[in-house]
Amino acid sequence: MTDIETVRRYDDAVFSARDVETGYGDLQVLYGVDIDVQDDEIVLVFGPNGAGKSTLMRALFKQLPLWAGTIEIDGEDYSGLEANQMVSHGVAYVPQTSNVFPNLTVAENLDIGSIHARDADDRRQRMFDLFPRLEERRGQDADTLSGGERQMLAMARALMPDPDVLLIDEPSAGLAPQLIERTFDHVDQIRQTGTAVLMVEQNVDAALDVTDRAYALDMGENKFEADAETIRNSERVRDLYLGK
Ligand SMILES: Nc1ncnc2c1ncn2[C@@H]1O[C@H](COP(=O)(O)OP(=O)(O)O)[C@@H](O)[C@H]1O
Ligand SMILES: [Mg+2]
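Here the structure is a predicted model, which means the values were calculated and not measured.

Among the nonpolar cores identified, the biggest contains 68 residues, and Ala156, Leu167 and Val197 are the most heavily contacted of them. In terms of residues, this core owes the most to one element, helix H6 (residues 147-159), which gives seven residues. Counting contributing residues per domain, this core is built from domain 1 (1-90 + 164-244) and domain 2 (100-162), each supplying no fewer than three. Excluding anything up to four places from it in sequence, Val197 contacts Ile42, Val43, Leu166, Ile168, Val187, Ile190 and Arg191.

Written out as structure tokens, the structure is:
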């Protein structure tokens, strides 16, 4: 069995969190979490329900205050940024729910995403190249889209400013099995366009197909970190987290 007890640190990361603690009111959820994302990587965060995965994503995008710890972008400390400043520093976030404006059209959703984009027309066309379905549906309200299409729109909206890092929370949740693989293909394409991806996923096996490295999170702490191949071949991971 592969021994994976450690959490390595990567000095050349484009995005790093160190010793992050946060929570809600009196409830502490994260007890010192480390995450690194290197250039053009897809990094997976997995772990049981309630482990604090979504809380971590909110903290990394500064939607929750940091109780302790630091967030660095390209090696510079940006722990003090407000949520609305993250995008202009190259970080984008797709929450699991409420990630599109349902009563606006596809095109209008992209326009809202383009506020920080340098060339909105060019970015919109790139998004339509990446997600042709969205171009077909550009005049439709978002709430008329299928679940898969809505997830594409949520990703496209976040990608409009051409971020260096995309944080995405359970992109395949609630999708039909045949759409799950397509979602991860999209994540892989996003990485190929030069945006690194940090994603939370419960569909660990499918997510590992496109993942470079993964972090196991449990009870608000890092359990271990390893490359996708090691995670896939670890009996301990299988027993603990994959349940299969
Ligand atoms: N908005 C919130 N207010 C209070 N507690 C919350 C809130 N969101 C999550 N929690 C709590 O934080 C813990 C971690 O939740 P979450 O980050 O959603 O876990 P995961 O995404 O890994 O399933 C849970 O105990 C959950 O009940
Ligand atoms: Mg969650």
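With 16 residues, helix H7 (residues 177-192) should reach 22 Å at 1.5 Å per residue; the first-to-last C-alpha distance of 24 Å fits that figure. The complete set of buried residues in H7 reads Ile180, Thr183, Phe184, Val187 and Ile190. Looking straight down H7, one finds that the buried residues subtend no more than 110 degrees of arc, so they occupy a single side. Exposed side chains of H7 directed beyond 90 degrees from the buried face belong to Gln178, Asp185 and Gln192. For H7, the secondary structure elements touched by its buried residues are strand E3 (42-46), H6, strand E7 (165-169), strand E8 (196-200) and helix H8 (204-208). Positive phi appears at Gly194, one or two residues downstream of H7, with a value of about 100 degrees.

Pairing is mixed across the open sheet formed by six strands, whose spatial order is E6-E7-E8-E3-E9-E10. With one partner strand each, in any of the chains shown, strand E6 (91-94) and strand E10 (221-227) form the two edges of the open sheet. Mean inter-strand twist for the sheet, computed between neighbouring axes without regard to direction, equals 15 degrees. As paired elements, E6 and E7 share four bridges and run parallel to each other. Across the sheet, residue Ala92 finds its bridge partner in E7, namely Leu166. Packing against the sheet, helix H1 (residues 53-60) makes contact with E3, E6, E7, E8 and strand E9 (213-218), and its axis sits at approximately 150 degrees to E7.

On to the site of ligand 1, then. Taken together, the residues surrounding ligand 1 are Tyr24, Leu27, Val29, Asn49, Gly50, Ala51, Gly52, Lys53, Ser54 and Thr55. Of all the secondary-structure elements, those providing two or more residues to the shell around ligand 1 are strand E2 (27-37) and H1. Examining the composition of the shell around ligand 1, we find that three residues originate from one element, H1, more than from any other. Residues that form the shell around ligand 1 fall into these classes: four nonpolar, five polar and one charged.

Before going further, it helps to spend a moment on the pairing of E8. By the criterion of burial, E8 is predominantly enclosed, with five of the five residues buried. Side chains Ala196, Leu198 and Val200 project from E8 onto one buried face, and the interleaved Val197 and Met199 project onto a second face that is buried too. Taken together, the four bridges between E3 and E8 define a ladder with parallel strand orientation. Residue pairing across strands places Leu44 opposite Met199, the latter belonging to E8. In the sheet, E7 pairs with E8 via five bridges, with the strands oriented parallel. Each bridged residue has a counterpart across the sheet, and for Leu166 the counterpart in E8 is Val197. Following the backbone out of E7, through H7 and into the adjacent parallel E8, one traces a crossover that is right-handed.

Okay, the domain arrangement of the protein next. For the protein, the assigned domains read domain 1 (1-90 + 164-244) and domain 2 (100-162). Computed over C-alpha atoms, the centres of domain 1 and domain 2 are 24 Å apart. Between domain 1 and domain 2, the contact holds twelve residues from the first and ten residues from the second. Considering each element in turn, the side of domain 1 that touches domain 2 owes the most residues, five residues, to H7. In the side of domain 1 that touches domain 2, the residues fall into six nonpolar, six polar and no charged.

How each quantity is defined
- Residues numbered from 1 in each chain as written.
- Chains lettered and ligands numbered in written order.
- Predicted model: local features only at pLDDT ≥ 70, side-chain atom pairs only at ≥ 80, totals over all residues.
- Core = buried A, V, L, I, M, F, W, Y, C linked by C-beta atoms within 7 Å.
- Buried ≥ 20, exposed ≤ 12 C-beta atoms within 10 Å, placed from the backbone.
- Helix = DSSP H or I, 4+ residues; strand = E, 2+ residues; numbered from the N terminus.
- Domains from an automatic or database assignment.
- Contact = placed C-beta atoms within 7 Å.
- Expected span 1.5 Å × (residues − 1).
- Arc of directions from axis to C-beta.
- Pairing = 2+ DSSP bridges.
- Axes fitted to C-alpha atoms, helices over the stretch in contact; angles between N-to-C directions.
- Near = placed C-beta within 6 Å.
- Nonpolar A, V, L, I, M, F, W, Y, C, P; charged D, E, K, R; others polar.
- Right-handed = clockwise from strand over helix to strand, strands pointing away.

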